[in-house]
Amino acid sequence: MMLAYSYVEKGKFELKEKPFPRLEDSRDAIVRVTLGSICTSDLHIKHGSVPRAVPGITVGHEMVGIVEQIGKNVKSVKPGDRVAVNVETFCGECFFCRNGYVNNCTDPNGGWALGCRIDGGQVEYVRVPYADQGLSRIPDSVSDEQALFVGDVLATGYWAARISEISQDGTVLIIGAGPTGICTLLSARLWNPARIIVCERSPERRRFVREHYPDVLVTDPEHCKEFVLANSAYGGADTVMEVAGSNDSFRLAWDCARPNAIVTIVALYDTPQILPLPEMYGKNLTFKTGGVDGCDCDEILKLIADGKIDTTPLITHRFALNDIEKAYDIFENKLENVIKVAITPVQ
């Protein structure tokens with residue numbers, strides 16, 4: 001038996017003993033988790049905001065580890081390989097996968113399955129379906145901590161930047177400086193826009209951005225629109241990426257965009273948002289929304305190995321799996337200036 005942090009019912013997670021996973025398909029792999037993390041999406045499951053989540057499953061979808069077993073049809077990894085695990089499960093063969101839209105894979109377990117609809121990674125061992133697509137080998141020069149966020153929040157930030165049509169003479173506004181917001185910032189910088197503005201309510205997180213990324217402009221929601229207008233050329237940001245998911249951040253996103261801008265919605269909201277089309281009329285905005293198409297993990301690992309992305313400053317706390325309840329308390333309640341928590345094996 002092994003320890004696994006499980007979704008019991010709305011409002012309740014619990015550390016339980018579960019049997020070790022077994023290969024269920026010739027394309028599966030079993031991975032020994034060497035480092036995991038807690039994501040805000042885990043909290044969405046806990047509070048009932050993810051209707052697809054199945055009670056009883058092991059939660060967690062941010063993890064790296066070592067391949068222990070593979071099915072006979074797995075070709076891209078072998079036992080002993082260090083791997084980053086992708087948040088998305090995808091077959092690689094359907095219409096959506098062939099076109100890079102892996103979040104909408106038509107397989108019954110396609111899309112966000114790990115830690116939502118099938119057992120995930122806040123555990124000692126995890127089964128990964130479609131291992132050829134779901135696992136990326138970690139270069140020897142990249143540590144577990146450097147690779148920890150590749151399969152989820154960093155893949156999300158990179159995907160958001162990739163689809164947002166960032167121009168080198170443009171202004172990019174990122175709303176939210178939580179973990180996904182910082183990963184979006186790190187990714188947006190790869191496109192070399194003229195300026196990046198980060199809007200964040202928390203003074204501690206604004207301080208974090210100023211300390212680690214001094215070339216980035218920083219404001220708060222109360223002053224965001226006037227700040228953007230003062231630091232952009234055409235009446236607003238050319239690209240807005242909304243990563244906060246708060247009650248007022250959706251409106252702030254489109255309101256701070258210039259006419260004909262791109263507004264990319266990265267956030268997952270707990271409640272429906274209002275799209276006030278009469279107020280928007282004439283701005284001719286393009287909205288891009290949805291879950292991450294996590295098919296850039298190999299490219300992201302190469303960028304990390306080349307020193308172009310470093311997410312290790314986001315790891316502010318570390319706990320063993322057997323202390324995960326305390327880790328959740330700190331992360332959910334935003335105590336001790338937490339940004340991300342690394343979950344190490346049982347001690």
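Residues numbered from 1 in each chain as written. Predicted model: local features only at pLDDT ≥ 70, side-chain atom pairs only at ≥ 80, totals over all residues. Heavy atoms only, no water.

Draft legend 1. Region of interest: the overall build of the chain. Along its length, the chain carries twelve helices and 17 strands. Its C-alpha atoms put the chain at 60 × 40 × 40 Å along the principal axes. For the chain, the proportion of its 347 residues judged to be buried stands at 55%. Of the contacts formed within the chain by residues at least 6 apart in sequence, a portion of 70% connects residues at least 24 apart. Of the roughly 15100 Å² that the chain leaves accessible, carbon and sulfur atoms contribute 47%. Across the chain, the centroid of the 36 positively charged side chains sits 2 Å from that of the 46 negatively charged ones. (Helix = DSSP H or I, 4+ residues; strand = E, 2+ residues; numbered from the N terminus. Buried < 20%, exposed > 50% of the residue type's maximum accessible area, 1.4 Å probe, protein only. Contact = heavy atoms within 4.5 Å. Areas by Shrake-Rupley, 256 points an atom, 1.4 Å probe, with all protein chains shown as cover. Lys, Arg positive; Asp, Glu negative; His and termini not counted. Charge placed at Lys NZ, Arg CZ, Asp CG, Glu CD.)

Draft legend 2. View of the state of the cysteines. In total, this model carries zero disulfides according to the counting rule given. Here Cys97 is not disulfide-linked; the sulfur of Cys94 is the nearest cysteine sulfur, at 3.7 Å. A residue is classified by how much of its surface remains accessible, and Cys97, at 10% relative accessible area, is buried. (Disulfide = S-S within 2.5 Å.)

Draft legend 3. View of the sheet that holds strand 15 (residues 286-289). Here six strands make up an open sheet; going across it, the order is 12-11-10-13-14-15 and the pairing parallel. Two strands bound the open sheet, and with one partner strand each, they are strand 12 (217-219) and strand 15. Ignoring strand direction, the axes of neighbouring strands in this sheet form an average angle of 20 degrees. In this sheet, strand 14 (residues 257-265) lies alongside strand 13 (residues 237-242) in parallel orientation, the contact comprising five bridges. Of the residues in strand 14, the one forming a bridge with Ala237 is Ala257. Across the sheet, helix 6 (residues 179-188) touches strand 10 (171-175), strand 11 (195-199) and strand 13, and the angle it forms with strand 10 is around 165 degrees. (Pairing = 2+ DSSP bridges. Axes fitted to C-alpha atoms, helices over the stretch in contact; angles between N-to-C directions.)

Draft legend 4. Examining helix 11 (residues 297-305) more closely. Taken together, the buried positions of helix 11 are Cys297, Ile300, Leu301, Leu303 and Ile304. An end-on view of helix 11 places all buried positions within 160 degrees of arc, on one side of the element. Buried residues belonging to helix 11 abut strand 9 (135-137), helix 4 (144-147) and helix 5 (153-163). Just downstream of helix 11, Gly307 is the residue with a positive phi angle, here 80 degrees. (Arc of directions from axis to C-beta.)

Draft legend 5. Seen up close, the pattern of salt bridges. The final tally for this structure, using the stated rule, is 20 salt bridges. The shortest N-O distance in the salt bridge between Lys340 and Glu62 comes to 2.6 Å. Remark: Glu62 occurs in strand 4 (residues 62-70) and Lys340 occurs in strand 17 (residues 340-344); sequence separation between them is 278 residues. Since its relative accessible area comes to 3%, Glu62 is described here as buried. Here Asp248 makes a salt bridge to Arg201, at a shortest N to O gap of 3.3 Å. Note that Asp248 is positioned in the loop between strand 13 and helix 9 (249-255) and Arg201 in the loop between strand 11 and helix 7 (203-212), a separation of 47 residues in sequence. (Salt bridge = Lys/Arg side-chain N within 4 Å of Asp/Glu carboxyl O.)

Draft legend 6. Molecular detail of the pairing of strand 5 (residues 82-85). Of the strand pairs in this sheet, strand 4 and strand 5 are connected by three bridges, and their pairing is antiparallel. Counted as the bridge partner of Gly65 is Val83 from strand 5.

Draft legend 7. Seen up close, the nonpolar core. Formed by 71 residues in total, the largest nonpolar core has its most connected members in Val150, Ile174, Ile182, Leu185 and Val209. Take this core: its biggest share by element is eight residues, from helix 5. Residues within four places of Val209 in sequence aside, it is in contact with Ala177, Ile182, Leu185, Val198, Pro214, Val216 and Val218. In terms of nonpolar packing, the next biggest core, distinct from the first, is built from 21 residues, Ala237, Ala261, Ile265 and Met280 among them. (Core = buried A, V, L, I, M, F, W, Y, C linked by side-chain atoms within 4.5 Å.)

Draft legend 8. Structural context of the side chain of Thr239. One can find Thr239 in strand 13. Side-chain polar atoms of Thr239 contact the backbone oxygen of Ser164, separated by 3.4 Å. The residues touching Thr239, leaving out its near neighbours within four places in the chain, are Ser164, Glu165, Ile166, Thr171, Val172, Leu173 and Ile262. (Polar contact = N/O pair within 3.5 Å; in protein donor to acceptor, adjacent residues only side chain to side chain.)

Draft legend 9. Quick peek at the environment of Lys78. Position of Lys78 relative to the elements: it lies in the loop between strand 4 and strand 5. Setting aside its immediate chain neighbours within four residues, Lys78 contacts Val67 and Ile70.

Draft legend 10. Local environment of the packing of aromatic side chains. Under the defined criterion, the tally for this structure stands at ten aromatic pairs. Between Tyr5 and Phe13, the ring centres sit 5.7 Å apart and the planes meet at 90 degrees, which makes this aromatic pair edge-to-face. Taking relative accessible area as the criterion, Phe13 reaches 6% and is therefore assigned buried. Centroid distance Phe208 to Tyr213: 6.3 Å. Interplanar angle 65 degrees. Geometry classified as edge-to-face. Taken as a pair, Phe208 and Tyr213 share a single burial class, namely buried. An aromatic cluster of three or more residues is present, and its members are Tyr5, Tyr7, Phe13 and Tyr328. (Phe/Tyr/Trp six-rings, centres within 6.5 Å; stacked < 30°, edge-to-face > 60°.)

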